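# Observations on the model geometry
Chain residues, written in single-letter form:
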Amino acid sequence: MTAPDTTSLITGVDFVAQLVTDFDRAVAFYGETLGLHRSAHVPDRGFAEFETGNLTLSLIDPAKMGMEHRTGHNTIALHVDDVAQARETLEERGVQFHGDTFDTGVCHMAFFNDSEGNDLMLHHRYAPRHPD
C-alpha cells in the first residue's frame with residue numbers, strides 16, 4: 001500500500017478577473033476612484049491589473065480575448081480599516097451604494113458596483129472569527 005499524496009493541487013489564487021465593457025472607464029474606476037495600485041496595463045490586449053494587498057484584480061476586455069462579456073455577481077469583499085470612512089470617501093467620488101452599511105455582529109459590509117456593474121463590497125471584521 002502506498003502513502004496518500006499529501007501535496008495540494010491548488011496552492012493559491014493568482015488573481016480574480018473582472019470582465020469589463022468599457023476598458024478605459026474601468027481602469028479609471030479601479031485606479032482613481034478606488035485608489036488601487038496598477039501593476040499591469042496592456043490596453044491593446046485588453047487587460048490591466050490592480051493590487052489590493054493580498055489579491056490581484058485583473059480587468060479583462062473579453063472582446064479582445066474572444067470571450068463573451070458577463071457581469072460578475074460573485075461579490076469581492078475589499079478590506080478597509082473603517083467602512084464608514086471608506087464609504088464616505090467613495091460616495092464623494094461618485095460611487096453609489098446599495099442600502100445602508102450592514103452590521104453582521106462580527107463585521108461591517110457596504111455593497112456597491114464597479115463602473116461595469118460587477119459586485120463589490122467594503123468589508124471590515126471587528127470581532128474575531130469563530131469557525132464551527
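Everything discussed here concerns the structure shown above.
Thresholds applied
- Residues numbered from 1 in each chain as written.
- Predicted model: local features only at pLDDT ≥ 70, side-chain atom pairs only at ≥ 80, totals over all residues.
- Heavy atoms only, no water.
- Helix = DSSP H or I, 4+ residues; strand = E, 2+ residues; numbered from the N terminus.
- Buried < 20%, exposed > 50% of the residue type's maximum accessible area, 1.4 Å probe, protein only.
- Contact = heavy atoms within 4.5 Å.
- Polar contact = N/O pair within 3.5 Å; in protein donor to acceptor, adjacent residues only side chain to side chain.
- Salt bridge = Lys/Arg side-chain N within 4 Å of Asp/Glu carboxyl O.
- Phe/Tyr/Trp six-rings, centres within 6.5 Å; stacked < 30°, edge-to-face > 60°.

### Quick look at the environment of Glu116
Considering the arrangement of structural elements, one finds Glu116 in the loop between strand 7 (107–113) and strand 8 (119–125). By relative accessible area, Glu116 is classed as buried at 8%. Once the C-alpha coordinates of Glu116 and Thr71 are considered, the two residues, 45 residues apart in sequence, prove to be 7.3 Å apart. Each residue touching Glu116, except ones within four places of it in the same chain, is listed here: Leu19, Val20, Thr21, Asp22, Arg25, Ala26 and Thr71. A polar contact is formed between the side chain of Glu116 and the side chain of Arg25, at a distance of 2.9 Å.

### A short note on the pattern of salt bridges
Using the criterion set out here, one finds 2 salt bridges in the structure. For Arg25, the salt bridge is made with Glu116, and the minimal N-O distance between the two is 2.9 Å. Of this pair, Arg25 sits in helix 1 (residues 23–33) while Glu116 sits in the loop between strand 7 and strand 8, placing them 91 residues apart in sequence. A salt bridge links Glu91 to Arg87; the nearest nitrogen and oxygen atoms lie 3.1 Å apart. Note that Glu91 and Arg87 are positioned in helix 2 (residues 83–92) at a spacing of 4 residues, about one turn of the helix.

### Considerations on the packing of aromatic side chains
Evaluation of the coordinates by the stated rule reveals 3 aromatic pairs. Here the aromatic rings of Tyr30 and Phe50 are separated by 6.0 Å at their centres, their planes lie at 35°, and the arrangement is tilted. Residue Tyr30 is found in helix 1, and its partner Phe50 is found in strand 3 (residues 47–51); the two are separated by 20 residues along the sequence. Between the aromatic rings of Phe97 and Phe112, the centroid separation amounts to 5.0 Å while the plane-to-plane angle is 50°, which identifies the pairing as tilted. Here the residue Phe97 occupies a position in strand 6 (residues 97–103), and Phe112 occupies one in strand 7, the gap between them amounting to 15 residues. On the basis of relative accessibility, which here comes to 1%, the residue Phe112 falls in the buried class.

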